[in-house]
Amino acid sequence: MLQLLPCPCQQPWGMLLGFLGQEREPRDGQEEIFGYKTQRCRKALCITGYILSCGALLLLFYWKPEWDVWANCIPCSLEEADIVLLRTTDEFQRYTWKKVTWIDLSALALPDGSTSECPLVADKDSVINRAVKKPQLKVRCIQVQKIRYIWDFSIKQFKKVGSLEDSNTCYSIHHKFGAGLTREEQKIRQLVCGPNAIEVEIRPIWKLLFKEILNPFYVFQAFTLTLWLSQGYTEYSVAIIVLSIISVGLTVYDLRQQSTKLHDLVEEHNKVQVTVCVKSEGCKELESRYLVPGDVFLLDGKKLSLPCDAILIDGSCVVNEGMLTGESIPVTKTPLPLTESPMPWKTHSMEDYRRHVLFCGTEVIQVKLTGRGPVRAVVLQTGFNTAKGDLVRSILYPKPMNFQLYRDAFKFIIGLSAIGVLGLIYTVCVFTYHQPVAEVVAMALLLLTVAVPPAIPAALTTGTVYAQRRLKKKKIFCITPQRINICGQINLVCFDKTGTLTEDGLDLWGVLPSEGSWFQKIHKFPSSTPLPWGPVCGVMASCHSLVVLDKKIQGDPLDLKMFEGTHWEIEESNMSQDGAGALHTCIVRPGPKASSAPVEGIAILHQFPFSSGLQRMSVVSQKIGEEQYDLYMKGAPEIVSSLCRQETVPADFLKELKMYTSQGFRVIALAHKVLSLGKDVDVSDLEREKAESELVFLGLLVMENRLKQETKPVLQELAAARIRSVMVTGDNLQTAVTVARSAEMIPRSSKVIIIEASEPEGSAPASIAWQLAEDSKASTEGHCCPGAGTLPLPWINLDGESCSYHFAMNGKSYQVLIKHFYSLLPKILVNATVFARMSPGQKSSLVEELQKLNVCLCVGGGNASPVSSFCGFQALKMAHAGISLSEQEASVASPFTSQIPNIQCVPELISREGRAALVSSFAVVKYLTLYGLIQFVGTALLFWQLQIFGNHQYLIQDVVITLLVCLTMSLTEAYPKLAPYRPPGQLISPPLLLSVVLNVYFTVTMQTCGFLLVKQQPWYVALDPHLQLLLWGQPSLGHTVAPCSPLTVLSYEDTTLWPLTTINCIIVAFVFSKGKPFRKPIYTNYVFSVLLALHLAICLFLLFADIDAVYSGMQVNECSPDIMELAHGTGAGFGPPPLMLCHLTPQDVLLQNKHLWTLIKSCFGYQSKSQYRKWQRMLQRDPNWPPVNTKDFAAKCMAEVYVNPSYEQGD
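Each value, and the rule that gives it
Residues numbered from 1 in each chain as written. Predicted model: local features only at pLDDT ≥ 70, side-chain atom pairs only at ≥ 80, totals over all residues. Heavy atoms only, no water. UniProt positions renumbered as here; feature names shortened; annotations may be inferred. Pairing = 2+ DSSP bridges. Helix = DSSP H or I, 4+ residues; strand = E, 2+ residues; numbered from the N terminus. Axes fitted to C-alpha atoms, helices over the stretch in contact; angles between N-to-C directions. Parallel < 35°, antiparallel > 145°, perpendicular 65-115°, else oblique. Contact = heavy atoms within 4.5 Å. Nonpolar A, V, L, I, M, F, W, Y, C, P; charged D, E, K, R; others polar. Buried < 20%, exposed > 50% of the residue type's maximum accessible area, 1.4 Å probe, protein only. Salt bridge = Lys/Arg side-chain N within 4 Å of Asp/Glu carboxyl O. Arc of directions from axis to C-beta. Core = buried A, V, L, I, M, F, W, Y, C linked by side-chain atoms within 4.5 Å. pLDDT = per-residue confidence, 0-100. Expected span 1.5 Å × (residues − 1). Phe/Tyr/Trp six-rings, centres within 6.5 Å; stacked < 30°, edge-to-face > 60°. Lys NZ or Arg CZ within 6 Å of the ring centre and 35° of its normal.

- With an unreviewed UniProt entry as reference, the protein chain is termed Cation-transporting ATPase, source organism Cairina moschata.
- Under the UniProt heading Subcellular location (unreviewed entry), the note attached to the protein chain is "Membrane".
- Per UniProt, the protein chain has the following entry under Catalytic activity (unreviewed entry): "ATP + H2O = ADP + phosphate + H(+)".

Written out as structure tokens, the structure is:
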């Protein structure tokens, strides 16, 4: 839920907590809210500033909205504010401001007493009653990210509106809203809550265009191009303008297409016709946009796409939640129990409250009536407060990714700008006494803009576009291309098990029946003899949630396999009569291939659906023609056995369970109970806790889940690349550990330490036990020396350290760790490999905790998995790179979608594209930095002589060389083998900075030597100072014409520096395009290689051609002796080989020598600041870690107890 809480440090502040939809993980975290009041005098001064600055101040306020508020308003309390300023509490500290508006209710025909102290709506606990200002009948509100908040006068806070209060109990929901709302209350709620519509605006092209071109860098680019055009540098300016127009146009087109697709996706569901119950007026047809929280609507059996979130209060139904979870598996929803429990309805239902909730966007495919009348539901949430609305909001307002490359690129631009400012000062000092003020300003600004290449954003975008295109060819689709670079830094991957590491479906392997507290002979599948009739056959035939849709049985794959093993058949739902009236039932009957049974069939009367929290499901059934009611249950063996009478549980239960789970089988326990019910009982009123007790244990259902063929090689490849793999599953712990060993996620030579944590019991505090797994003992005893044979690939921890032990735990233990042993959690996560029986909220919490260790995290999962809520939305969205295995081209649930149905996409994304794209981006930024500095140094040297490069000279460097280099440098494909280390993640790092600094040093040295050496030549003639003044009278940049002879001439300095700078640009492009270990060799990039060769050939041709027309067009000096003598004298002609040697030697020998840098780090005592590495170093020094076969207790002091809020809200 969303709520506003007062900040304790300042009165006008508050906190906005974003618990999205049904207590899903907060996307935006928290936002601080400040109150401000507009002042007319400040507003007038700002308007004056806008006019005097020609809009520059307005543009600044657009970039900095907080400055806009601070300039126009004064701080005040939230109660008095007409403007609120919101600031996120994450690392970005983003500001937005919203205007406080009023909703006027006085125009409505309100009931008598509404202006007095009487509540405006019937629900006394509703925030609407506390938000209405009387007697004016007005409500203050703000709208933040499509969610409306109204001011609660009683607690002085903004509260979210558009949903029912969580404080409602099961009884109050039935009692307050069961009969529907009055017409007057509907109108009040419609006005206050807004329409029940998920409206996505198709943003006008002009808005998208303005938003794009008002980006700070485009503004600076516009300033630069304006200056160049004013100085006559037309060709390159036009080229950059065309490139920018294409880039902006494509971006706007893409944004427009996305906006249109999203609008079309949600618009059709905004106008659904529903039957609404109005209090004292009966039922009527209504368009869904007029629904409000508290309305009651009917489900008549027709297929319906739900227009809101609703609580089922009568009847049950089957829905398809594929839109939310990614799997089109029918889910059964049951009505909210009518109980007088004082607990809020969600608390009463614990984490299984979702079984009563119909989520917006899901499709009702079947309804099942009860004896109380039609199927009815109470509207819980409307509009963007719903599950579907939350999903759409996550697309409209994505969480920004804090990636070092883009921050460092911006810092590089700032650094280049600072150098440009120094150049500006230098230019002013040089030209002040020689040129008019206008020329001095023009030349100073020119040198400023030369230092900052305008192609940096386009070049970075080009690399990711190429990588995205290559991924698409490999059937990996990306909706956020910026994350491709982030994939290059991935060092940990979380995998789901079923459907991701193992095959999608489960195969029925056998059933181990139990009788008289002893296990009987196992019945294996497939078998020539059918499963004999008995309670085991009964539970397998009836304890499921399968439905018949379009004459086809559909449902959970596990249920389907189990039911097929009985050879029974299922009929479509029928209407039957019980003591309370009409009832929908599902009937199963023995098929032709089934064993003979003394019953005609079984009628499934009621379901207690499966939930990840309870880890079980059960059904109430009745044999046709008999009066006896039976309850059948299946679920996790540990849970089911605890609900059975202990005398019916075999003594060797744990031994048998461990035997099968240790072999990697999926084990389900079965149980049965005869219910003692009267003839006229309504089975839908049964309490689950009472019904699911004192059962008879029936046996174990053993299912096989094979590893996918590709799993083992991929995990080995990741381990060789020092990328850690972690399994997070909803399956049994022992099964998960076995699968991890089979896949060599845990090598056979490594120990597995099982962590079992328990909640406090009575006076005993919470405890944590560290037990060495039995298979670890065996593997330790049988461990052979290195020479005895081939050992499995050693497990590699992050940054290359071997790990000889691994932690494994289940979701219950993880929950206890979070609550009572939080200080131990980082130590455990450093070496934890298996997490089993994890609920969706726990999985999201785990992702968050791993990110706190500064781990770059990838989450991979398949939509066919039974725990698809993990692989669907929360964890995939939270991770740095979430990969969904889906047949769809793109999933809104994750940044990446792979149509490859296995984990081969992970190394493909991480190595073959992520790392290559990151290295390419670094290379482009470094090249453009050097290119800018090369031009800057050459131009600055010529400025000393009051000279400048010609237009055509600039054009060749900027367009023919640099622009083409930027467009083709990133075409180099990824190296096929994963390197055992990651590429650098920071531009602002010693090796990369030293690379730039050394290359700048060579550039300055080379150009300075050429500049000075040419002056020492016997044929050198200095340009007449008087003639230079005439030259600078020309307004065109670079067109300095001097009648030294009939031909155009500049100077020997220009003729010397231009080939040096041009060849230098070409060599730097070659040096920064190195291939291995992250990209293929440069010669495999045919376009780029040919271009570089052509560039060098053209440059040498221009230098040695000795053609008058060429020199005239290029504005180089031909009034010299033989041009070869000039080249020999300055080193320009024979410069490429030694220049390349000077650039390549430090690049290969020093900067890319990983062993050398490791030695330097150790000599200087440098240690990584990563939290993961800090904990790793600490644990390596701890002789008592890891603890084995011990038990620890939590401190009794409350100060030591930590409760993770994200975990509490995650479920």
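Notes on the pairing of strand E13 (residues 296-299)
Here is step 1: As judged from the three bridges shared by strand E11 (residues 273-278) and E13, these two strands associate in the antiparallel manner. Bridge pairing links Thr275 to Leu298 in E13.

Digging into the packing of helix H9 (residues 234-267) against helix H32 (residues 951-968)
Here is step 1: Across the interface, H9 lies against H32 with an axial gap of 9 Å and an inter-helix angle of 30°. One finds that H9 runs roughly parallel with respect to H32. Of H32, the residues touching H9 (which contributes Glu235, Tyr236, Ala239, Ile240 and Leu243) are His952, Leu955, Asp958, Val959 and Leu963.
Here is step 2: Partitioning the contact of H9 with H32 into residue classes produces seven nonpolar, one polar and two charged.

What about the pairing of strand E36 (residues 724-728)?
Here is step 1: With respect to burial, E36 is a largely interior element, five of its five residues being buried.
Here is step 2: Burial along E36 is two-sided: Arg724, Val726 and Val728 and Ser725 and Met727, pointing in opposite directions, are all buried.
Here is step 3: Looking at chain direction, E36 and strand E40 (residues 832-836) are connected through two bridges and run parallel. Among the inter-strand pairings, Val728 is bridged to a residue of E40, identified as Phe835.

What to know about the sheet that holds E11
Here is step 1: An order of E12-E11-E13-E20-E15-E18 is seen for the six strands of this open sheet, with the pairing classed as antiparallel. The sheet terminates laterally at strand E12 (282-287) and strand E18 (357-358), the two strands that pair on one side only.
Here is step 2: Here strand E15 (residues 309-314) runs beside E18; their pairing, made up of two bridges, is antiparallel. Bridged to Ile311 within E18 is Val357.

Quick look at the pattern of salt bridges
Here is step 1: Throughout the structure, instances matching the rule amount to 26 salt bridges.
Here is step 2: Among the salt bridges present, the one from Arg376 reaches Asp314, with a minimum N-O distance of 2.6 Å. With Arg376 in strand E20 (residues 375-381) and Asp314 in strand E15, this pair connects stretches of sequence that are 62 residues apart.
Here is step 3: Here Asp314 falls in the buried class, since its relative accessible area comes to 5%.
Here is step 4: A salt bridge links Glu744 to Lys712; the nearest nitrogen and oxygen atoms lie 3.6 Å apart. Of this pair, Glu744 sits in the loop between helix H24 (733-742) and strand E37 (751-758) while Lys712 is found in helix H23 (residues 711-720), placing the two residues 32 residues apart along the sequence.
Here is step 5: Among the ionic contacts, a cluster of salt bridges with common partners joins Arg470, Lys474, Glu908 and Glu913.

Let's talk about helix H21 (residues 653-661)
Here is step 1: Listing the buried residues of H21 in full gives Phe653, Glu656, Leu657, Tyr660 and Thr661. Down the axis of H21, the sector holding all buried residues measures 125°, keeping them to one side. Turned more than 90 degrees away from the buried face of H21 sit Leu654 and Lys655, all of them exposed.
Here is step 2: Buried residues belonging to H21 abut strand E23 (507-515), strand E24 (518-519), helix H20 (637-643), strand E34 (666-675), strand E35 (696-704) and H24.

Description of unusual backbone geometry
Here is step 1: Following Phe525, the chain continues into Pro526 via a peptide bond in cis, with omega recorded as -10°.
Here is step 2: Across the junction of Lys1076 and Pro1077, the peptide omega takes the value 5°, indicating a cis bond.
Here is step 3: Take Pro1077: it is sitting in the loop between helix H35 (1052-1071) and helix H36 (1086-1104).
Here is step 4: A positive phi angle, close to 65°, is found at Lys475, a residue other than glycine.
Here is step 5: In this structure, Lys475 sits in the loop between helix H15 (456-473) and strand E21 (476-478).
Here is step 6: On the accessibility criterion, Lys475 (47% relative accessible area) is partly exposed.

Let's talk about the environment of Ala671
Here is step 1: Along the chain, the position of Ala671 falls in strand E34.
Here is step 2: Overall, Ala671 belongs to the buried group, its relative accessible area being 0%.
Here is step 3: In this structure the C-alpha to C-alpha distance between Ala671 and Leu700, which are 29 residues apart in sequence, comes to 9.2 Å.
Here is step 4: Leave out the neighbours within four places in its chain, and Ala671 touches Val539, Leu631, Tyr632, Met633, Val640, Cys644, Leu695, Val696 and Leu698.

As for the nonpolar core
Here is step 1: Among the nonpolar cores identified, the biggest contains 72 residues, and Tyr927, Leu928, Val965 and Met969 are the most heavily contacted of them.
Here is step 2: The biggest single contributor to this core is helix H31 (residues 905-944), with 17 residues.
Here is step 3: Once residues within four sequence positions are removed from consideration, Tyr927 is found in contact with Ile961, Thr962, Val965, Cys966, Met969, Cys1065, Val1068, Ala1069 and Phe1072.
Here is step 4: Counting residues in each nonpolar core, the second largest holds 45 residues, with Cys478, Ile486, Met727 and Ala743 among its members.

Considerations on the sheet that holds strand E14 (residues 304-305)
Remark on secondary structure: sheet strands pair via backbone hydrogen bonds, oriented parallel or antiparallel.
Here is step 1: With antiparallel pairing, four strands are arranged side by side in an open sheet as E14-E19-E16-E17. Among the strands making up the open sheet, the edge pair consists of E14 and strand E17 (330-333).
Here is step 2: When strand E16 (residues 316-320) meets strand E19 (residues 363-368), the two strands line up antiparallel, connected through five bridges. Residue Ser316 lies in a different strand from E19, and its bridge partner there is Lys368.

Regarding the confidence of the model for the protein chain
Here is step 1: For the protein chain, the mean per-residue pLDDT works out to 77, and 80% of the residues sit at or above 70.
Here is step 2: Counting interchain partners and residues more than four positions distant, the pLDDT-below-50 stretch residues 1026-1049 has 52 contacts.
Here is step 3: Here residues 1128-1134 scores under 50 on pLDDT; set against residues more than four positions off or in separate chains, the count is 14 contacts.

Details of H35
Here is step 1: A rise of 1.5 Å per residue sets the reference length of H35, with its 20 residues, at 28 Å; its end C-alpha atoms lie 29 Å apart and thus fit the reference within 8%.
Here is step 2: Of all the 20 residues making up H35, 19 are buried; the element is thus mostly covered by neighbouring parts of the structure.

Topic: the packing of aromatic side chains
Here is step 1: Summed over the entire model, instances satisfying the criterion amount to 19 aromatic pairs.
Here is step 2: Taking 5.8 Å as the distance between ring centres and 20° as the angle between the ring planes, the aromatic pair formed by Trp533 and Trp568 counts as stacked. A residue pair is termed long-range when its members are at least 10 positions apart, and Trp533 in the loop between strand E25 (523-524) and helix H18 (535-542) and Trp568 in strand E28 (residues 568-570) qualify at 35 residues.
Here is step 3: Trp533 sits in the partly exposed class, given a relative accessible area of 24%.
Here is step 4: A centroid spacing of 5.7 Å and a plane angle of 90° characterise the contact between Tyr981 and Phe1078, whose relative ring orientation is edge-to-face. Of this pair, Tyr981 sits in the loop between H32 and helix H33 (990-1015) while Phe1078 sits in the loop between H35 and H36, placing them 97 residues apart in sequence.
Here is step 5: Look at Phe1078 and you get buried, because its relative accessible area is 10%.
Here is step 6: Taken together through their ring pairs, the aromatic side chains of Trp770, Tyr805, Phe807 and Trp1185 make up a single cluster.
Here is step 7: Its end group placed over the ring of Trp67, Lys64 keeps NZ or CZ at 5.8 Å from the ring centre.

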